[in-house]
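Letter by letter, the chains look like this.
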Amino acid sequence: GQQLNQSPQSMFIQEGEDVSMNCTSSSIFNTWLWYKQDPGEGPVLLIALYKAGELTSNGRLTAQFGITRKDSFLNISASIPSDVGIYFCAPLTSGSRLTFGEGTQLTVNP
Amino acid sequence: DVKVTQSSRYLVKRTGEKVFLECVQDMDHENMFWYRQDPGLGLRLIYFSYDVKMKEKGDIPEGYSVSREKKERFSLILESASTNQTSMYLCASRTGGNEQFFGPGTRLTVL
């Protein structure tokens with residue numbers, strides 16, 4: 001089966017710092033999604049990537065779909081306390097199912 | 001706004017009990033999903049449904065069953081709860097696009 005590796009598992013940063021996290025896979029995907037889960041809530045979609053090599057921005061968030069279609073990264077610039085949460089990559093697999101990475105737990109110290 | 005609601009935020013049950021987790025969505029979505037979330041393992045798909053009375057096994061269906069009698073409601077059933085089913089359970093729904101909309105989750109503890 002496909003293997004999906006998300007790193008880092010956790011990050012502890014100071015407010016204002018930039019953040020970078022990534023996912024790599026043994027399989028090729030045509031769509032990558034990035035979700036964020038706030039404490040005590042369900043995940044919410046942040047960014048969707050549909051084209052290999054595509055760089056997409058949403059405010060302070062930037063995500064890229066790797067050219068090999070086996071990886072993706074998410075960057076957050078100038079972090080703020082409300083960025084705290086768990087971030088998941090979720091490539092789209094067969095039958096429109098999503099496979100979720102293990103998650104990156106982000107802690108932002110004011 | 002899409003709203004996915006789950007019947008309980010916290011639930012405590014005993015080993016061997018039958019447990020029902022209910023999920024309701026209000027956007028007429030065809031597809032609904034049940035995941036469990038465990039630290040370091042991300043979200044793992046238990047079961048999903050493409051339409052009323054249809055169900056498909058996900059990656060970890062053992063020990064679970066589901067029911068979809070109405071389009072808006074998707075139930076997860078633990079026939080005989082065990083301690084290794086202590087987890088956070090998340091329900092999601094989806095229409096024709098790729099985005100899944102999640103409920104707030106049910107944290108189940110099996111003693």
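Here, every reference points to the structure presented above.
Residues numbered from 1 in each chain as written. Chains lettered and ligands numbered in written order. Predicted model: local features only at pLDDT ≥ 70, side-chain atom pairs only at ≥ 80, totals over all residues. Heavy atoms only, no water.

Undergrad: I'd like a rundown of the sheet that holds strand β6 (residues 55–58) of chain A, residues and numbers included.
TA: Residue and element names in this part refer to chain A. In spatial order, the strands read β1-β3-β8-β7-β6; together these 5 strands make up an open sheet with antiparallel pairing. Looking along the sheet, the strands with just one partner apiece sit at the ends: β1 (4–7) and β6. Shown here is a sheet whose adjacent strand axes are inclined to one another by a mean of 15°, direction ignored. Strand direction decides the pairing type here: strand β3 (residues 19–25) and strand β8 (residues 71–76), joined by 6 bridges, are antiparallel. Among the inter-strand pairings, V19 is bridged to a residue of β8, identified as I76. (Pairing = 2+ DSSP bridges. Helix = DSSP H or I, 4+ residues; strand = E, 2+ residues; numbered from the N terminus. Axes fitted to C-alpha atoms, helices over the stretch in contact; angles between N-to-C directions.)

Undergrad: Please provide a residue-by-residue account of the environment of Y89 of chain B, values included.
TA: Residues and elements named next belong to chain B. Looking at the secondary structure, you find Y89 in strand β9 (residues 87–94). It is 9.4 Å that separates the C-alpha atoms of Y89 and Q6, two residues lying 83 residues apart in sequence. Contact partners of Y89, with chain neighbours within four places excluded, come to Q6, L21, W34, Y35, R36, I46, Y64, L76, L78, G105, T106 and L108. Here Y64 takes part through its side chain, which lies 2.7 Å from a polar atom of the side chain of Y89. (Contact = heavy atoms within 4.5 Å. Polar contact = N/O pair within 3.5 Å; in protein donor to acceptor, adjacent residues only side chain to side chain.)

Undergrad: Account for the state of the cysteines, with residues named and values stated.
TA: All chains considered together, the criterion is met by 2 disulfides over all chains. For C23 of chain A, the disulfide goes to C89 of chain A, at an S-S distance of 1.8 Å. With the S-S bond torsion at -85°, the cross-link from C23 of chain A to C89 of chain A turns out left-handed. Of this pair, C23 of chain A sits in strand β3 while C89 of chain A is found in strand β9 (residues 85–91), placing the two residues 66 residues apart along the sequence. On the basis of relative accessibility, which here comes to 0%, the residue C89 of chain A falls in the buried class. Here C23 of chain B pairs with C91 of chain B through a disulfide, and the sulfurs are 1.9 Å apart. Note on the C23 of chain B and C91 of chain B pair: the S-S dihedral is about -75°, so by sign convention the disulfide is left-handed. One end of the pair, C23 of chain B, is in strand β3 (residues 19–25); the other, C91 of chain B, is in strand β9, with 68 residues separating them in the sequence. Overall, C23 of chain B belongs to the buried group, its relative accessible area being 0%. (Disulfide = S-S within 2.5 Å. Buried < 20%, exposed > 50% of the residue type's maximum accessible area, 1.4 Å probe, protein only.)

Undergrad: An account of the interface of chain A and chain B is needed here, citing residue identities and associated values.
TA: With 20 residues of chain A at the interface, the matching set in chain B holds 21 residues. By the criterion of area lost to chain B, the three top residues of chain A are P43, R97 and F100 of chain A, representing 32% of everything that side buries. Where chain A meets chain B, there are 1 salt bridge. Counting across the chain A and chain B interface gives 4 residue pairs in polar contact (both at pLDDT 80 or more). Among the secondary structure elements, those contributing two or more residues to the side of chain A that touches chain B are β4 (32–37), β5 (43–49) and β9 of chain A. (Buried area = accessible area lost by both parts, 1.4 Å probe. Salt bridge = Lys/Arg side-chain N within 4 Å of Asp/Glu carboxyl O.)

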